[in-house]
Each structure stands twice: as C-alpha cells, then as structure tokens.
Amino acid sequence: MSTPRITELPDEVRSLIEKASGRIADVGAVHGGLNSSIAVIVQTSTRTLFVKGLPLSHPRVWTQQREADIAPYVHGIAPELHWFVEADGWSLLGFQYVEGGHADYTPGSSDLPAISAAMAQLAEISAPGIELKAMAHRLRGYVDGPADLTWFEGDSLLHTEWNPQNVLITDASAVFVDWGWASTGAAWIDPALWLLWLIAHGHTADQAESVAATHPAWKLAPPAGLDALARAQQRLWDAIAVQSPDEWAQLMQAAARVWNMHRQHQH
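So, here is what we can say about the structure in this document. The model shown is predicted, which means the values in this text are computed figures rather than measured ones.

This brings us to the overall build of the chain. If you tally the helices and strands in the chain, you get 9 helices and 11 strands. Over its C-alpha atoms the chain spans a radius of gyration of 19 Å, differing by no more than 12% from the 18 Å that the globule rule assigns to 267 residues. The burial tally for the chain puts 52% of its 267 residues in the buried class. Restricting to contacts in the chain with at least 6 residues of sequence separation, those with at least 24 account for 69%. Put simply, the chain shows about 12200 Å² of open surface, and 51% of that area lies on carbon and sulfur atoms.

Written out as structure tokens, the structure is:
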C-alpha cells in the first residue's frame, strides 16, 4: 500500500535537515514514489539534496536503515548518501540529488539498454555482509512447495523493486533509487522481475524476455526456475491487487498472469 505524502515539512524535520546540511534555502516537492512520507528536493547554500523520510513509528521504517546500510556498496549505480539520521520521531536519508527523468519502459524505449547495462553492473556486486532479506524467504508463501524455493537461492545483491519511478535516466545512464527491498538471491531474478514491469508497460511476454535476455545473468536462469518465479509472481500480485486499489497494482497483476501463462506454454 502507498504511504501518504506530507506536503509541508514538519519543524522537526526541517531542523534535522539543517543540522546535517546547513540552512535550507528552498524546498521542492517530489511527486513520484510510493513509500515515503517525506520526499523533497532541498537546496542549501552549498548543495542540492534529495531527502526522504518516514516517522520512526512507521511499520516500514526499517527500509530506511536498509538503504543507509546498502549505500556504500552501490556506488556508481545509485545516488550517493550524504547522511542518515534518526531523531525527534523521524528517520531521514539525505542523498545527492540526481537530475534525471523516470525511465520509459515502453517497447522500443531508448532507456532500456542503459537500464540493462546498469543492472549488469549490479549483478557483479556480491551480497554485502549486512542484513538483507533472501528471495527464497520473501517468496515462501507463493510457491508450490519448498523445492521451488531452491531455484531462488544465491548470493547476488538484488534490487527487486523495478517500478520505473525507481530508475532515473541521466545522460544515457541509469541510476537506481529506493533500495529498501534489496535482497539476496540468484542474479537472474532482477531481470525476471523487471520484465513484469515491461509487460505492464506494453511489451508482449516474448518482447519482455528478449529485453531481459540482454542481462548477462539471464543465460544462467534455469527454465524451471523461471517457471517457478512466474507462478510465484502471479500469486504475489494477485494478493497485492486484492489489497490495493491502485491502478498500477492491477496492471502488475495482469502482467504477472501474462508471463505465467507464457511460461506454461513454453513446455
């Protein structure tokens, strides 16, 4: 479910930002994203920051710590983290501001090669020694049985949340944001999860798999593992669509059904 966005910065938040970065000269709203109570562009006398935050009482406040922990390991494919603070009822992350637009996932988009290239860089990063969820654990409630989960095991660092609002395109390169659901698992899982979003934005299942196949880990994907992931994703998005009134959830549910049906017809 989406997190309601706060449009006016609370005094406590403004004070914490100024302690970390100096006097605020200007604040601009950010309209993309679903998971932050606060998401603003902050201009100080010396720099421009993107600040995101959640109340410490929020049930997903742990994602803030996760993003802070992961930042040192994703240099070059994610914005630099300048500071992380938890105080006065708030958890705040202050990132380098990246000038760029959200990725275009439609068929033929010129953004797709840059995204695939950055995803290939990510696939070369071994899972760091920090607390991360494992994909086998995350999907345990959506498989036919425990044997399916063995396909998802691995020690690659995965982003997993490929909503195009989490991908910024800057001068033909791609930068990934919102790492709160970073996980460990087989490297082919990220392009497989990406292709669901491609289907939701107009690709056929064949087209989406062709784009995913530009990722170097795709050739390592066992067909039975892809089949198991497709089944799990349909069940996952069926569950999300029941809970969420948002249109994107319905689109993703439809995409997951298309891909699962496509996988079934491969045999």
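What follows picks up the thread again.
Turning next to the nonpolar core. If you look at the biggest cluster of nonpolar residues, it comprises 59 residues, and the most contacted ones within it are Tyr 105, Ile 115, Phe 152, Trp 162 and Trp 188. It is helix α6 (residues 189-200) that provides the largest number of residues to this core, a total of 9 residues. When sequence neighbours within four positions are dropped, the list of residues in contact with Phe 152 reads Met 135, Ala 136, Leu 139, Val 143, Gly 185, Ala 186, Trp 188, Ile 189, Gly 225, Ala 228 and Leu 229. Ile 17, Ile 38, Trp 83 and Trp 90 belong to the second largest nonpolar core, which has 13 residues in total.

A few words now on the pairing of strand β5 (residues 90-96). Of all 7 residues that make up β5, 6 are buried, and the element is covered over most of its length. Here strand β3 (residues 48-55) pairs with β5 via 7 bridges, running antiparallel. Bridging from a neighbouring strand, Pro 55 pairs with Trp 90 of β5.

The next thing to look at is the environment of Gly 202. Within the fold, Gly 202 resides in the loop between α6 and α7 (205-212). Remark: the alpha-carbon pair of Gly 202 and Pro 107, spanning 95 residues in sequence, is separated by 6.4 Å. Other than its neighbours up to four places away in sequence, Gly 202 contacts Pro 107 and Gln 207.

What follows concerns the packing of α6 against helix α8 (residues 223-243). Interhelical geometry of α6 versus α8 gives an angle of 50° and a closest axis separation of 11 Å. Between α6 and α8, the angle falls in the class oblique. Remark: the crossing between α6 and α8 carries right-handed chirality. Here α6 contributes Ala 192, Leu 193, Leu 196 and Trp 197 to the contact with α8, which in turn contributes Leu 226, Leu 229, Gln 233 and Trp 237. Within the contact of α6 with α8, the residues separate by chemical class into 7 nonpolar, 1 polar and no charged.

As a packed pair, helix α3 (residues 112-123) and α6 sit with axes 11 Å apart at the nearest point and diverge in direction by 155°. As summarised for this structure, α3 and α6 are arranged roughly antiparallel, according to the angle between their axes. In this structure, the crossing between α3 and α6 has a hand that is right-handed. Judged by residue contacts, Leu 112, Ile 115, Ser 116, Met 119 and Leu 122 of α3 engage Asp 190, Pro 191, Trp 194 and Leu 198 from α6.

Turning next to the side chain of Asp 190. Summarising the element assignment, Asp 190 is placed in helix α6. Buried Asp 190, no salt bridge; nearest opposite-charge side chain is Arg 138, N-O distance 7.8 Å. For Asp 190, the side chain forms a polar contact with the main-chain nitrogen of His 159, separated by 2.9 Å. A polar contact of 2.9 Å, which involves the side chain of Asp 190, links it to the side chain of Trp 162. Discounting residues that sit within four places of it in the chain, Asp 190 has contacts with Met 119, Leu 122, Leu 157, Leu 158, His 159, Thr 160 and Trp 162.

Notably, Asp 88 is not glycine yet its phi reads approximately 50°, a positive angle. Along the chain, the position of Asp 88 falls in the loop between β4 (81-87) and β5. Positive phi, normally seen in glycine, also occurs at Thr 160, with a value near 80°. Relative to the assigned elements, Thr 160 resides in the loop between β8 (156-158) and β9 (167-170). Exposure remark for Thr 160: the relative accessible area of 6% places this residue in the buried category.

Reading the values: the criteria
- Residues numbered from 1 in each chain as written.
- Predicted model: local features only at pLDDT ≥ 70, side-chain atom pairs only at ≥ 80, totals over all residues.
- Heavy atoms only, no water.
- Helix = DSSP H or I, 4+ residues; strand = E, 2+ residues; numbered from the N terminus.
- Rg over C-alpha atoms; globule rule 2.2 N^0.38 Å.
- Buried < 20%, exposed > 50% of the residue type's maximum accessible area, 1.4 Å probe, protein only.
- Contact = heavy atoms within 4.5 Å.
- Areas by Shrake-Rupley, 256 points an atom, 1.4 Å probe, with all protein chains shown as cover.
- Core = buried A, V, L, I, M, F, W, Y, C linked by side-chain atoms within 4.5 Å.
- Pairing = 2+ DSSP bridges.
- Axes fitted to C-alpha atoms, helices over the stretch in contact; angles between N-to-C directions.
- Parallel < 35°, antiparallel > 145°, perpendicular 65-115°, else oblique.
- Left-handed = near helix turned anticlockwise from the far one by under 90°.
- Nonpolar A, V, L, I, M, F, W, Y, C, P; charged D, E, K, R; others polar.
- Lys, Arg positive; Asp, Glu negative; His and termini not counted.
- Salt bridge = Lys/Arg side-chain N within 4 Å of Asp/Glu carboxyl O.
- Polar contact = N/O pair within 3.5 Å; in protein donor to acceptor, adjacent residues only side chain to side chain.

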